[in-house]
Amino acid sequence: MWYAIISEDIPDSLEKRQSVRPAHLDRLQALRDAGRLLIAGPHPAIDSPDPGQAGFSGSLVVAEFASLEEAQNWADEDPYVAAGVYQQVVVKPFKKVF
């Protein structure tokens, strides 16, 4: 089943994000390589595809997992969680319609 992982950044998270971004992207690449990643990306903090120093306000990942528990465990192990980038992470089942 698909699961949406909706994360909200702490204020001024850009420096922390940049410090662990390669490890974060490696995990997403592994999901993609396994054919389990539908979409992933950050939410710019301003209305711009390149927010510069404004940074990001959070992230969205929609990926396939065997269960909600597995999706939650994957989200809990994100390098952004360990680095303190996210102040909140919500994992929900997601039904792809289009």
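None of the values given here were measured: they were computed from a predicted structure.

Enquirer: Quick question: what am I supposed to make of the pattern of salt bridges here?
Expert: Pairing of side chains with opposite charge becomes possible as their charged atoms draw close. Inspection of the entire model under this criterion finds three salt bridges. In this structure, aspartate 9 engages arginine 17 in a salt bridge whose closest nitrogen and oxygen atoms are separated by 2.7 Å. Neither aspartate 9 nor arginine 17 differs from the other in exposure class; each is buried.

Enquirer: Can you help me understand the sheet that holds strand S4 (residues 86–94) in this one?
Expert: Remark on secondary structure: sheet strands pair via backbone hydrogen bonds, oriented parallel or antiparallel. Here we have four strands laid out as an open sheet, ordered S2-S3-S1-S4, and antiparallel in their pairing. What marks the edges here is a single partner per strand, and that holds for strand S2 (37–44) and S4. For this sheet, the mean angle separating the axes of adjacent strands, direction not counted, is 10°. Bridging between strand S1 (residues 2–9) and S4 involves eight bridges; their strand directions are antiparallel. Counted as the bridge partner of isoleucine 5 is valine 91 from S4. Sitting on the sheet, helix H1 (residues 14–33) is in contact with S1, S2, strand S3 (56–64) and S4, with an inclination near 10° to S3.

Scoring rules and cut-offs
Residues numbered from 1 in each chain as written. Predicted model: local features only at pLDDT ≥ 70, side-chain atom pairs only at ≥ 80, totals over all residues. Heavy atoms only, no water. Salt bridge = Lys/Arg side-chain N within 4 Å of Asp/Glu carboxyl O. Buried < 20%, exposed > 50% of the residue type's maximum accessible area, 1.4 Å probe, protein only. Pairing = 2+ DSSP bridges. Helix = DSSP H or I, 4+ residues; strand = E, 2+ residues; numbered from the N terminus. Axes fitted to C-alpha atoms, helices over the stretch in contact; angles between N-to-C directions. Contact = heavy atoms within 4.5 Å.

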